[in-house]
Amino acid sequence: MKTALSRIALVTSGLLLSTQLMAEPKRPECIAPAKPGGGFDLTCKLAQSGLKDEGLLKAPMRVTYMPGGVGAVAYNAVVAQRPKDAGTITAFSSGSLLNLAQGKFGRYDENAVRWLAGIGTDYGAISVRADSPYKTLSELVEAVKKDPAAIVFGAGATIGGQDWMQTALIARAAGIDPQKLRYVAFEGGGETLTAMLGGHVQVTSSGLGEITPQLAAGKIRILAVLSDQRLPGKLAEIPTAKEQGFDIVWPVIRGFYMGPEVSDEDFNWWKQQFDTLLASDEFGKLREQRDLFPLSLTGDQLKAYVLDQVKQYKQLAGEFGLAQ
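Scope of this entry: the structure provided in the associated data block. (Residues numbered from 1 in each chain as written. Predicted model: local features only at pLDDT ≥ 70, side-chain atom pairs only at ≥ 80, totals over all residues. Heavy atoms only, no water.)

## As for unusual backbone geometry
Argument step 1. Not every positive phi belongs to a glycine, and Asp-291 is a case in point at roughly 60°.
Argument step 2. Its place among the elements puts Asp-291 in the loop between α10 (281-289) and β10 (297-298). (Helix = DSSP H or I, 4+ residues; strand = E, 2+ residues; numbered from the N terminus.)

Right, dumping it as structure tokens:
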């Protein structure tokens, strides 16, 4: 009897020790690797609101901005300077993975961080100002065919980035050389949208979630969403590229990673919080309000997804002569 009680005591003390090791970080932080207003900002603020509302974080999580190289500066900073930081999560997207596939993050590859959680999916979108002469994707493509230099595309990345890739895939499908597109790169989706609203570029390639607030305000027109079929609810009026004759689908994962040397205990604490959050109906509603769609991947499941996506993106980059 005493032996059994001793074992219970040992197990209980072990659980208590584990709980102490997995304590909430004192200063939780989410790094958005771009200027405010884009998809990374959206991702951090979604986690910030969700974790707070569900009581999964007692301390308020601050959002900090680390623009540069569409995620490269933040990735390198986390790996090299903050590898053990248990309080920091950093936002990533499919665009981050595409850049990793092309070697744009320097000496660090897709295995350099701990992939924490994928919390939603977005889709690529092609949009113009509400007063633009182009009412459909086909009209825009025809105008580009006539004079590729007459239309300026804005996107939150350099050539080879996710936003460029979306337009390049459409151009290729239409028989247009993607290298002939006039393209202006910005540091993040917020800056790109501001440039289009200011008349500095005519077309924006971005994630849908980045631009829907301006759609609701009546300031833009979305010519196409790069989803397999029309999206539900208030987005149902937006046509797909596919239905307009361009068989292009581009889902955009939104999620987080942590430093490579974060302890298993601290990593698993965050994983558990996100597992709980992603199972919540209230978080589902919050995600829907941000025009994101369900995607719930954490830990090893997310890592497997990331590695597979990077492999596919390497092949795609090779097709466009972008692989380094």
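## Brief notes about the nonpolar core
Argument step 1. By size, the foremost hydrophobic cluster in this structure holds 62 residues, and its most contacted members are Tyr-75, Leu-97, Trp-115, Leu-137, Leu-140, Met-165 and Trp-250.
Argument step 2. Setting aside chain neighbours within four positions, we find Leu-137 in contact with Ile-126, Ile-170, Leu-223, Ala-224, Ala-241, Gln-244 and Phe-246.
Argument step 3. The next biggest cluster of nonpolar side chains, apart from the first, holds 30 residues, and it includes Ala-91, Met-258, Trp-270 and Leu-292. (Core = buried A, V, L, I, M, F, W, Y, C linked by side-chain atoms within 4.5 Å. Buried < 20%, exposed > 50% of the residue type's maximum accessible area, 1.4 Å probe, protein only. Contact = heavy atoms within 4.5 Å.)

## Examining the packing of aromatic side chains
Centre-to-centre distance and the angle between the planes together describe a pair of aromatic rings.
Argument step 1. One pass over the full model with this rule turns up 10 aromatic pairs.
Argument step 2. Taken together, a centroid distance of 5.2 Å and an interplanar angle of 65° make the contact between Tyr-75 and Tyr-257 edge-to-face. With a gap of 182 residues between them, Tyr-75 in helix α3 (residues 72-81) and Tyr-257 in strand β9 (residues 251-258) connect regions that are remote in the sequence.
Argument step 3. For Tyr-75, a relative accessible area of 1% gives the class buried.
Argument step 4. Taken together, a centroid distance of 5.5 Å and an interplanar angle of 15° make the contact between Trp-250 and Tyr-313 stacked. (Phe/Tyr/Trp six-rings, centres within 6.5 Å; stacked < 30°, edge-to-face > 60°.)

## Here's the deal with the state of the cysteines
Argument step 1. Evaluation of the coordinates by the stated rule reveals one disulfide.
Argument step 2. At a sulfur-sulfur separation of 2.1 Å, the disulfide partner of Cys-30 is Cys-44. Its S-S torsion of approximately -75° makes the covalent link between Cys-30 and Cys-44 left-handed. Taken together, the residues Cys-30 in strand β1 (residues 29-32) and Cys-44 in helix α2 (residues 39-53) connect sequence positions 14 residues apart. Here Cys-30 matches Cys-44 in class, with each residue buried. (Disulfide = S-S within 2.5 Å.)

## Remarks on helix α5 (residues 137-146)
Argument step 1. Among the residues of α5, Leu-137, Leu-140, Val-141, Ala-143 and Val-144 are the ones counted as buried. Along the axis of α5, the buried positions cluster into a sector of 160°, meaning they face one direction only.
Argument step 2. Packing partners of the buried residues in α5 comprise β4 (114-129), β5 (152-155), α6 (162-173), β7 (203-207) and β8 (220-225). (Arc of directions from axis to C-beta.)

## Regarding the pattern of salt bridges
Argument step 1. Scanning the model with the defined rule gives 18 salt bridges in all.
Argument step 2. Glu-29 is paired through a salt bridge with Arg-82; the nearest N and O atoms lie 2.5 Å apart. On the criterion of sequence distance, the pair formed by Glu-29 in strand β1 and Arg-82 in the loop between α3 and β3 (88-93) is long-range, its members being 53 residues apart.
Argument step 3. Relative accessible area serves as the criterion here: at 23%, Arg-82 is assigned to the partly exposed category.
Argument step 4. Taking the shortest distance from any N to any O, the salt bridge between Asp-275 and Lys-271 comes out at 2.8 Å. Here Asp-275 pairs with Lys-271, and both are found in helix α9 (residues 264-278), just four residues apart, close to one helical turn.
Argument step 5. The network of salt bridges with common partners includes Glu-29, Arg-62, Arg-82 and Asp-85. (Salt bridge = Lys/Arg side-chain N within 4 Å of Asp/Glu carboxyl O.)

## A few points about the environment of Phe-267
Argument step 1. Inspection of the secondary structure puts Phe-267 in helix α9.
Argument step 2. Put simply, Phe-267 and Lys-45 are 222 residues apart on the chain and 20 Å apart in space, counted from C-alpha to C-alpha.
Argument step 3. Sequence-distant contacts of Phe-267, that is, excluding residues within four places in its chain, are made with Arg-114, Trp-115, Leu-116, Met-258, Val-262 and Gly-299.

## Comments concerning the side chain of Ser-280
Argument step 1. With respect to the element layout, Ser-280 can be found in the loop between α9 and α10.
Argument step 2. A relative accessible area of 14% places Ser-280 in the buried class.
Argument step 3. Within the structure, the side chain of Ser-280 is placed 3.2 Å from the backbone nitrogen of Phe-283, a separation counted as a polar contact. (Polar contact = N/O pair within 3.5 Å; in protein donor to acceptor, adjacent residues only side chain to side chain.)

## What about the packing of helix α4 (residues 94-101) against helix α11 (residues 299-319)?
Argument step 1. At a minimum axis distance of 8 Å, the contact between α4 and α11 shows a crossing angle of 60°. In terms of orientation, α4 lies oblique with respect to α11. Here α4 and α11 pass one another in a crossing that is right-handed. Along its contact with α4, which presents Ser-94, Leu-97, Leu-98 and Ala-101, the element α11 presents Val-306, Gln-309, Val-310, Tyr-313 and Lys-314.
Argument step 2. When its residues are assigned to classes, the contact of α4 with α11 shows six nonpolar, two polar and one charged. (Axes fitted to C-alpha atoms, helices over the stretch in contact; angles between N-to-C directions. Parallel < 35°, antiparallel > 145°, perpendicular 65-115°, else oblique. Left-handed = near helix turned anticlockwise from the far one by under 90°. Nonpolar A, V, L, I, M, F, W, Y, C, P; charged D, E, K, R; others polar.)

## A short note on the packing of α2 against α9
Angle between the axes and distance between the axes are the two parameters that describe a pair of packed helices.
Argument step 1. Two numbers describe how α2 lies on α9: the axes approach to 10 Å, and their chain directions differ by 80°. Taken together, the axes of α2 and α9 lie roughly perpendicular to each other. Residues Ala-47, Gly-50 and Leu-51 of α2 pack against Trp-270, Gln-273, Phe-274 and Leu-277 of α9.
Argument step 2. The residue makeup of the contact of α2 with α9, split by class, is five nonpolar, two polar and no charged.

## Regarding the pairing of β7
Argument step 1. Summarising burial for β7: five of the five residues are buried, a large majority.
Argument step 2. Pairing of β4 with β7 involves five bridges; the strand directions are antiparallel. Along β7, the bridge assignment pairs Ser-127 with Thr-204.
Argument step 3. Where β5 meets β7, three bridges bridge the pair, whose relative direction is parallel. Bridge pairing links Gly-154 to Thr-204 in β7. (Pairing = 2+ DSSP bridges.)

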